[in-house]
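As a plain string of letters, each chain reads:
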Amino acid sequence: MTDVVPVHDPKERYRIEPTVFQALRSPRLLTREVLAGLVVAIALIPEAIAFSLIAGVDPRVGLFSSFVMAVAIAFVGGRPAMITAATGAIALVIAPVAREYGMDYLIATVLLGGLIQIVFAALGVAKLMRFIPRSVMVGFVNALAILIFISQLVHLVDVPWLVYVLVAAGLGIMFLMPRITKVIPAPLVAIVLLTGAAVVFGLNVPTVGDQGELPESLPELFIPNVPLTWETLSIILPFATAMAIVGILESLMTAKLVDDITDTHSRKTRETFGQGIANILSGAFGGMGGCAMIGQTMINVKASGARTRISTFLAGVFLLILVLALGDVVAIIPMAALVAVMIVVSILTFDWHSIRLATLKRMPKSETFVMLITVVATVLTNNLAIGVGVGVLAAMVLFARRVAHFASVTRRIDRDEQVPTVRYTVDGELFFASSNDLTTQFEYTHDPERVIIDMSRSHIWDASTVAALDAIVTKYEQRGKHVTLEGMNQATTELHTKLSGGLGAGH
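The rules we used
- For every chain, the first residue of its written sequence is number 1, and the numbers climb from 1 along that sequence.
- Since the coordinates come from a predicted model, pLDDT governs what is reported: local features require at least 70, and pairs of side-chain atoms require 80 or more to be given and counted, while whole-chain, interface and lining totals use all residues.
- The side-chain figures draw on all heavy atoms in the structure; neither hydrogens nor water molecules are used.
- Secondary structure elements follow DSSP: runs of H or I of four or more residues count as helices, runs of E of two or more count as strands, with numbering from the N terminus.
- Think of it in three bands: residues with accessible area under 20% of the maximum for their type are buried, residues over 50% are exposed, and the middle band is partly exposed, with areas taken using a 1.4 Å probe on protein chains only.
- For accessible areas, the Shrake-Rupley method is used with a probe of radius 1.4 Å. Any residue's cover is judged against the shown protein chains and nothing else.
- Asp and Glu are treated as the negative residues and Lys and Arg as the positive ones, with His and the ends of the chain left uncounted.
- Charged side chains are reduced to one point each, which is NZ for Lys, CZ for Arg, CG for Asp and CD for Glu.
- In this analysis, a patch consists of residues with relative accessible area above 30% that form no salt bridge, clustered at 9 Å for like charges and at 5 Å for the nonpolar side chains Val, Leu, Ile, Met, Phe, Trp and Tyr.
- Here, a salt bridge means any Lys or Arg side-chain nitrogen found within 4 Å of an Asp or Glu carboxyl oxygen.
- Ring pairs are drawn from Phe, Tyr and Trp, using the six-membered ring of Trp, whenever the two centres fall within 6.5 Å, and their geometry is named by plane angle: stacked under 30 degrees, edge-to-face over 60, tilted for the rest.
- To qualify as a nonpolar core, a set must consist of buried Ala, Val, Leu, Ile, Met, Phe, Trp, Tyr and Cys residues joined through side-chain atoms within 4.5 Å.
- Note on definitions: a residue-residue contact is assigned when non-hydrogen atoms from the two residues lie within 4.5 Å.

Asks: So what exactly am I meant to see when it comes to the overall build of the protein here?
Replies: Within the protein, the secondary structure is distributed over 21 helices and six strands. Referenced to the eigenvectors of the C-alpha coordinate spread, the extents of the protein come out at roughly 105 × 60 × 60 Å. Relative to its 507 residues, the protein shows a buried fraction of 53%. For the protein, the exposed area adds up to about 24,400 Å²; of that, 63% sits on carbon and sulfur atoms. The positive charge centre, built from 37 side chains, and the negative charge centre, built from 38, are 8 Å apart in the protein.

Given below as structure tokens:
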């Protein structure tokens, strides 16, 4: 006898395997998680330093923020194996605060941003993710891959020719290594071999140490010295709100991407709450805040094969160990090795199927347009939140235009009636887009005295349609004709009864 599990059973829906306990009992899985965490930690160092410079703060701020957020999200997040740390998107949002008001106001902004994210989680904002179309998601992924690649170009301009040799070697190692073995993540092998080559042969190439000074002490509790006044709130609230929205949007989009890659479901509301907690803890220890990192998450999930919270937790722990205890070793890692890793990540992230000729021929033009406009808007603004917003807006407009043509009206004269009667049948879903032209589809002057409008094959969704029907009735009544509306379903009847006559139609 087999157990029948309901499809909607939340325990099964959100059960992600392997679990932490399964990984801890399996040497093979545990090794994969540990090595994945190490690779991510190494890749996080130059990124965190770079984002610190974007935000206009000391490199230690970004590094400590990445450590605190990675460790915190491993416990409170809703998507196992997703990496959260200091990010460029958040750095761009909060940079003006650090530049114009200083470090104390920056930390206050991060703390408030985390609090706003917790409020968003309580309000169920994460559920709005279901309204993001697949074409926007594909555009988001492709734009992300392009941005990851573009961000590496700065390390390939005005550099010694040996850098190109090392990058090419790193790419070769990462493409060949999985064919030999998948036990050790290919990015880690590439980093170790290229670092060894640079040291043994004394290659004069840019290193991680050239990116900024690494910290030498543990992060300490940081209480921002700002006056608790309305003026302070007016300064930090706009930046904190923008930070909260951008952070949630990037994190939930990244979580959905990992869901698709792993064929599992994550808890989006818990992830929103977890991001808020992680940002508050980051600010409390003098960090610059952040959100989910798509590039590092792809290294963890796709390139290294990690699947549990262990890799996320260890990424944070290894990051702290690397910069504090092994700072001298980390400093000699060639930037070329990390550039090669990020180029591979961009290649793996891009949805190549979406731009194949066969796919483009089969896909509706509107879907392709939405995907392209999402990519273009994201790349031009260097802001994923703006790109997704533009893509969703374009998808909404195109959807409304398409659905607007689904509603139709047919006219028939009933000769059998004692009183001359015309019967109109309204067919389709009626809302603001499809009901705007409704009033033009009736022959008010030529119709007989009795008019029946059959609504049995339609559904009213909004006040715009009720107002349109009121306008139609008013136009007939002004000509001394009687109109009967019939066949409405229960929901349509309730909405029409509630709103009819109170919308000012026909006046």
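Asks: So what exactly am I meant to see when it comes to a nonpolar patch on the surface here?
Replies: Taken together, the side chains of Val 199, Ile 321, Leu 326, Val 329 and Ile 332 present a nonpolar region at the surface, about 400 Å² in accessible area. On the secondary structure map, Val 329 appears in helix α14 (residues 327-331).

Asks: Explanation requested: the packing of aromatic side chains in the structure shown.
Replies: Each aromatic ring pair is specified by the distance between its two centres and by the angle formed by the two planes. Per the stated rule, a full pass over the model turns up eight aromatic pairs. Consider the rings of Phe 75 and Phe 313, whose centres lie 5.7 Å apart with planes at 80 degrees: the pair is edge-to-face. Of this pair, Phe 75 sits in helix α4 (residues 59-76) while Phe 313 sits in helix α13 (residues 309-324), and the two are 238 residues apart along the sequence. Relative to Phe 432, the ring of Phe 431 has its centre 5.1 Å away and its plane inclined at 85 degrees; by these criteria the two rings are edge-to-face. In this structure Phe 431 comes out as buried when scored by relative accessible area, which is 13%. What links up through ring pairs into an aromatic cluster is the set Tyr 424, Phe 442, Tyr 444 and Tyr 476.

Asks: Mind showing me how you'd approach the nonpolar core here?
Replies: The nonpolar side chains of a soluble globular protein tend to be buried with one another. Counting residues in each nonpolar core, the largest one holds 114 residues, and the members touching the most others are Ile 45 and Met 288. Take this core: its biggest share by element is 13 residues, from helix α3 (residues 27-55). For Ile 45, the residues in contact, after removing those within four places along its chain, are Leu 63, Val 208, Leu 214, Leu 319, Leu 322, Val 323 and Val 330. Val 451, Val 473, Val 483 and Met 488 belong to the second-largest nonpolar core, a separate cluster that totals 21 residues.

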